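Structure at a glance
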Amino acid sequence: MDLKISNFSDINNLLNSIKRIDQGNSIDNVISSYPKVKRNFLFLVIQEYYRNYENHNQIISRYTHSKTPKKIIIILRISLTLLFFSNKPTFSIVNDAVEESKFLNKEKLVNAVLRNILRKKNEIKHRNLIYPNFKKILDKIFSSNLIREYIYSTLFTKPKNYQICLSDKKEAIYGKRVFILEKKIMKDCFVQDIGNFELINTIHKFFKDKNLIDVCAAPGGKSILLQSLGFNITAIDKSQIQLKKLNENLSRLKIKINIQEVDFLKNKFNNKYNSILLDAPCSALGTFRRNPDVTVKIDRSMIKKHQKIQIEMIEKSLKILNIGGFLAYIVCSFHPFETIDVIDKIIQKHKTVKIHSIKSDKMIKRQNGYFINPLKFKNLGGSDIFFVSVLEKIK
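Attention now moves to the overall build of the protein. Scanning the protein from N- to C-terminus turns up 14 helices and 12 strands. What you see for the protein is a C-alpha radius of gyration of 23 Å, in line with the 21 Å of a compact globule of 395 residues. A total of 395 residues make up the protein; the buried ones form 53% of that total. Taken together, the 69 basic and 36 acidic charged side chains of the protein have centroids lying 1 Å from each other.

Next up, the structure:
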């Protein structure tokens, strides 16, 4: 049910939304709970709030101190986002911010800070400042300054959306299948990032057996692409919400895929397989261009929980994989804990596994896996960052 928000200010709605997002909810899920008339405005402001998180921290720090309440800092960040990235009247932004800060008796501070910033508004230049922890993790993976600088810049630009065709088209901008998604999805196309397409289009050649099990398959982009490449897919996922999206995609495209709504880790499999694709749950750090909130939500304990599940899912996959079979481990992340460290732990424990080299000039090799290099797609509009490692069970 849509929330009734007509009696609340934009700052109040944004404050409540950001609270939920910081607690782990996605921007899309939070925005979808509001009336449609409000969604686009809230979405755009929240995107800019997180893109400019560190920029606004730097500005606010000149007028506050370490003991300033966290909620007041958030109100000030929201206010700066509205002042610099919306057409909302200045007086309305300041008034709403002051009202919202009264519950902490900080209305005078908020008013003074915003008035001081407004006096210098024309002098303030937004730089491409990256949240330090996010930058530190990214720099561990990408050593090239050229690649780093490009990736940094993509946080502050609206990402291109792509659509993938079910068959080869000479008009495609890349790989005979990829098109820019402008306003409407073309017939026989589905939404997928170009980096995701590159990854599947490259590694599918490892799978000699066309009967493939796709684990954590929904919303189904990889399954649909693989089926279009001649595979017979069994798509497994436990999320009803995500599976609904998969079924909607299949219905629109008028294709059928065998779908099983099961918990992969709990389910007992009677059969073994030669081809398994595991798109494991992760922090989604690699999707930061369209989900900028992930840049400030890096939680070490949560990442460690992801790693535990990722390792469990790989080990379960290896149990149901035949000798000579292939497993592709994929995450839309570049955090070492979810990528190279996971595979390190697997190969240290399981001597029956061999890691295969991948041939693609669009990827960068790091230890035991490969990362999509967004710089290679700069002229097409950039890409998200994915990690993949291809494992063969040799005995």
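The next point concerns the packing of aromatic side chains. Tallied over the entire structure, the rule returns 15 aromatic pairs. An angle of 90 degrees between the planes, with centres 5.5 Å apart, marks the rings of Tyr53 and Tyr131 as edge-to-face. With a gap of 78 residues between them, Tyr53 in helix α4 (residues 53–60) and Tyr131 in the loop between α7 (107–119) and α8 (132–141) connect regions that are remote in the sequence. With a relative accessible area of 26%, Tyr131 lands in the partly exposed category. Ring centres 6.3 Å apart and planes at 80 degrees place the aromatic pair Tyr174 and Phe197 in the edge-to-face group. Placement of Tyr174 in the loop between β1 (162–165) and β2 (178–180) and of Phe197 in helix α10 (residues 194–203) is noted, with a sequence separation of 23 residues between them. What makes Tyr174 buried here is its relative accessible area of 17%. These aromatic residues form a ring-pair network of at least three members: Tyr49, Tyr50, Tyr53 and Tyr131. One residue, Lys316, lies across the ring of Phe264, its end atom 5.3 Å from the ring centre.

So, on to the nonpolar core. One finds Phe142, Ile203, Ile314, Tyr329, Phe334 and Val388 to be the most contacted residues of the largest nonpolar core, which totals 85 residues. Looking at this core, the element that brings in the most residues is strand β8 (residues 321–331), giving seven residues. In this structure, Ile314 is in contact with Leu278, Leu327, Tyr329, Val342, Ile343 and Ile346, ignoring residues within four places of it in sequence. Judged by nonpolar contacts, the second largest core, of 36 residues, contains Ile11, Ile18, Ile93 and Ile124.

Our next topic: the pattern of salt bridges. This model, assessed by the stated rule, comprises 18 salt bridges. Between Asp139 and Arg148 there is a salt bridge, and its shortest N-O distance comes to 3.5 Å. Since its relative accessible area comes to 15%, Asp139 is described here as buried. A residue is classified by how much of its surface remains accessible, and Arg148, at 19% relative accessible area, is buried. If you follow the salt bridges from partner to partner, you end up with Asp10, Lys38, Lys88 and Asp96 in one network.

On to the pairing of strand β5 (residues 232–237), then. The two faces of the sheet receive side chains in turn, since in a regular strand these alternate between them. In terms of burial, β5 is largely enclosed, as five of its six residues are buried. Where strand β4 (residues 211–215) and β5 come together, five bridges link them in parallel fashion. Residue pairing in the sheet places Val215 in a bridge with Ile236 of β5. Between β5 and its parallel partner strand β6 (residues 258–261), the chain crosses via helix α12 (residues 240–253), and the hand of that crossover is right-handed.

Of the strand pairs in this sheet, β5 and β6 are connected by four bridges, and their pairing is parallel. For Asp237, the partnering residue across the bridge sits in β6 and is Glu261.

Here the focus is the environment of Leu212. Relative to the helices and strands, Leu212 is located in strand β4. Along the primary structure Leu212 and Asp344 are separated by 132 residues, whereas in three dimensions their C-alpha atoms are 25 Å apart. Filtering out sequence-adjacent residues up to four positions away, Leu212 remains in contact with Phe207, Leu226, Phe231, Asn232, Ile233, Thr234, Ser275 and Leu277.

Attention now moves to the sheet that holds strand β3 (residues 189–191). The strand order across the open sheet formed by three strands is β2-β1-β3, and the pairing between neighbours is antiparallel. Each having just a single partner strand, β2 and β3 make up the two edges of the open sheet. The sheet shows a mean angle of 35 degrees between the axes of neighbouring strands, direction not considered. Where β1 lies against β2, three bridges are found, and the strand directions are antiparallel.

Helix α6 (residues 90–101) packs onto helix α1 (residues 10–22) with a crossing angle of 55 degrees between their chain directions and a minimal axis gap of 8 Å. When the axes of α1 and α6 are compared, the pair comes out oblique. Note on element contacts: α6 touches α1 through Ile93, Asp96, Ala97 and Glu100, opposite Asp10, Ile11, Asn12 and Leu15.

Another point: the environment of Ile21. The residue Ile21 is located in helix α1 in this model. Overall, the relative accessible area of 0% leaves Ile21 in the buried class. Distance in space between the C-alpha atoms of Ile21 and Asp293 is 7.6 Å, their sequence separation being 272 residues. Sequence-distant contacts of Ile21, that is, excluding residues within four places in its chain, are made with Ser26, Ile27, Val30, Ile46, Tyr50, Asp293 and Lys297.

This brings us to the packing of helix α5 (residues 70–85) against α7. Packed helices, taken two at a time, are described by their axes: the angle between them and the distance between them. Where α5 contacts α7, the axes come no closer than 11 Å and their chain directions differ by 30 degrees. By the angle between their axes, α5 is roughly parallel relative to α7. Seen from above, α5 lies across α7 with right-handed handedness. Listed contacts from α7 to Ile72, Leu76, Ser79, Leu80 and Leu83 of α5 are Leu109, Val110, Val113, Leu114, Ile117 and Leu118. Here the contact of α5 with α7 is built from residues that sort into 10 nonpolar, one polar and no charged.

The next subject is α5. In this model, α5 (16 residues) spans 22 Å end to end at C-alpha, consistent with the 22 Å of a helix rising 1.5 Å per residue. Among the 16 residues of α5, 12 are classified as buried, and the element is accordingly described as predominantly covered. Among the residues making up α5, those that are buried are Ile72, Ile73, Ile74, Ile75, Leu76, Arg77, Ile78, Ser79, Leu80, Thr81, Leu82 and Leu83. Against α1, α3 (36–51), α4, α6 and α7 lie the buried residues of α5.

About the cut-offs
- Residues numbered from 1 in each chain as written.
- Predicted model: local features only at pLDDT ≥ 70, side-chain atom pairs only at ≥ 80, totals over all residues.
- Heavy atoms only, no water.
- Helix = DSSP H or I, 4+ residues; strand = E, 2+ residues; numbered from the N terminus.
- Rg over C-alpha atoms; globule rule 2.2 N^0.38 Å.
- Buried < 20%, exposed > 50% of the residue type's maximum accessible area, 1.4 Å probe, protein only.
- Lys, Arg positive; Asp, Glu negative; His and termini not counted.
- Charge placed at Lys NZ, Arg CZ, Asp CG, Glu CD.
- Phe/Tyr/Trp six-rings, centres within 6.5 Å; stacked < 30°, edge-to-face > 60°.
- Lys NZ or Arg CZ within 6 Å of the ring centre and 35° of its normal.
- Core = buried A, V, L, I, M, F, W, Y, C linked by side-chain atoms within 4.5 Å.
- Contact = heavy atoms within 4.5 Å.
- Salt bridge = Lys/Arg side-chain N within 4 Å of Asp/Glu carboxyl O.
- Pairing = 2+ DSSP bridges.
- Right-handed = clockwise from strand over helix to strand, strands pointing away.
- Axes fitted to C-alpha atoms, helices over the stretch in contact; angles between N-to-C directions.
- Parallel < 35°, antiparallel > 145°, perpendicular 65-115°, else oblique.
- Left-handed = near helix turned anticlockwise from the far one by under 90°.
- Nonpolar A, V, L, I, M, F, W, Y, C, P; charged D, E, K, R; others polar.
- Expected span 1.5 Å × (residues − 1).

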